[in-house]
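The chain contents come next:
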Amino acid sequence: MDFRNLNYVPTLAVRTSEMQGLEQLPAATKDRIQPLFLLAPWRNNPDLTRAIQRVEKAFPGRDYFLDIDRNYIPPAEKTTDHFQWYLIQDPTDGYSKWWEFVAQTKHAVPCLQMHKQAISGIEKQINRAREIGRGFALRFQILNFPNDANEIAGILNNIGAADYVIILDAGWVKDTITISSKFEEIIRIFIGKINAEIPFIASYTSIPKEYSFIDGVEEVAFYNRAVISDLRRIINRPTIIYGDWASTRPRDRGDSFRGVPRIDLPLRNSWVFSRAQGKESTYYEAATQLVEAKRYWQQVEGMGVWGELMIADTARGPQFGIRAPHQNVAARINLHLHTQAFYEIDNLKGLDLDEPWQDD
């Protein structure tokens, strides 16, 4: 991965909706994104190589960032089966088991593990990253920023490392103004200490956690792009890269798909949510009223990507398209990733998205 050419770094959990939405993207879109995958067992299978296989099926032949999804909790009845899952989180000897696992992958650019690590452990991990020759990432949870961040920056400068990126991840936030100030504060901490060529990726999500407020068709703005623009202007550092959570949010024990069927439509700087009236309403009704809301639908109609076609099919009749919550989320992720990957292009309807033909 050429860190100098990063365009869009979405954070994706290894879950059904994320993998389906990503897999269905055109190759031209995948070439413009550099995902950060949060590793967890795929469908609770304790063999983590299955998760890597699913990631690389959805994102074939391309490098990606990889970190541990510490919000994943194995099912209580299967906890003892997930020995490998707990093993890669063992901080002993600079997370040696994590690095053994990463070394077995082909395309993963690993994140350093900073939980319960002394500076000596961080140094050991940097050396291991250089040994496998893929570069690395430092992913800071900015709402729990480490006290020894300046020491870590000093280590990087002392060893002359330039083959890494810094990911500043705020997770789910409600107050964009506050989080923008926090990004600025943390980036300034590093400005005098980090090579000016090192990219900073700023990422967060503000997608709603519940949707009972949706009555008909409602638009909810998000401000991630404006936050990045402000940071580049205030900090005067062009290597601040756009990231987000691909219209999802971190795992939460309260996550649930229960409720009235809903259709989601991601636009450039907002999400549009459609729910029909009544407890017996359907995905078909939600899709129909969304497609009839021309001021929104015409912004994506004609893009030709899978998420758009799924919504259009759903509006054809109850037997078509989206018929389950995870399919709605997958279609939303697919459209969001495509729109953000080509954000600098105002009209995405004329793109050549044909896949290269192969003679098997």
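Residue indices follow the written sequence of each chain, beginning from 1 at its first position. For a predicted model such as this one, the threshold for reporting local features is a pLDDT of at least 70, and the threshold for listing and counting side-chain atom pairs is 80 or more; totals across whole chains, interfaces and linings nevertheless cover every residue. The basis for the side-chain values is all heavy atoms of the structure; hydrogens and waters are excluded.

### Considerations on the sheet that holds strand β8 (residues 216–221)
In a beta sheet, neighbouring strands are held together by backbone hydrogen bonds and run either parallel or antiparallel to one another. Strand pairing is defined by DSSP finding a minimum of two bridges between the two strands. By the criteria applied, helices consist of DSSP H or I runs no shorter than four residues and strands consist of E runs no shorter than two, each listed in order from the N terminus. Spatially, three strands are ordered β8-β11-β10 in an open sheet, and the strand pairing comes out antiparallel. Two strands bound the open sheet, and with one partner strand each, they are β8 and β10 (263–266). Neighbouring strand axes in the sheet, compared pairwise and without regard to direction, differ in orientation by 20 degrees on average. The sheet contact formed by β8 and strand β11 (residues 270–275) spans six bridges and is antiparallel. Counted as the bridge partner of E218 is F273 from β11. Against the sheet, helix α10 (residues 283–292) touches β8, β10 and β11, its axis set at about 130 degrees to β11. Axis definition: a line fitted to C-alpha atoms, over the contacting stretch in the case of helices. Angles run 0 to 180 degrees between N-to-C directions. The contact criterion used throughout is that any non-hydrogen atoms of two residues lie within 4.5 Å.

### Considerations on the sheet that holds strand β1 (residues 8–13)
Across the sheet, which stays open at both edges, the eight strands sit in the order β4-β3-β2-β1-β9-β7-β6-β5 with parallel pairing between neighbours. Each edge of the open sheet is held by one strand with a lone partner, namely β4 (108–110) and β5 (136–141). Put simply, the sheet's adjacent strands are angled 30 degrees from each other on average, direction ignored. Relative to strand β6 (residues 164–172), β5 is paired through six bridges, and the arrangement is parallel.

### Concerning helix α7 (residues 149–159)
A 1.4 Å probe rolled over the protein chains alone gives each residue an accessible area, and that area as a share of the maximum for its type sets the label: buried under 20%, exposed over 50%, partly exposed in between. Among the residues of α7, A149, I152, A153, I155 and L156 are the ones counted as buried. Along the axis of α7, the buried residues cluster in a sector spanning 155 degrees; they form a single face. Elements that come into contact with the buried residues of α7 comprise α6 (119–132), β5, β6 and α8 (176–191). G160 sits one or two residues past α7 and shows a positive phi near 70 degrees. Picture the helix axis, draw a direction to every C-beta atom, and the arc is the one those directions span.

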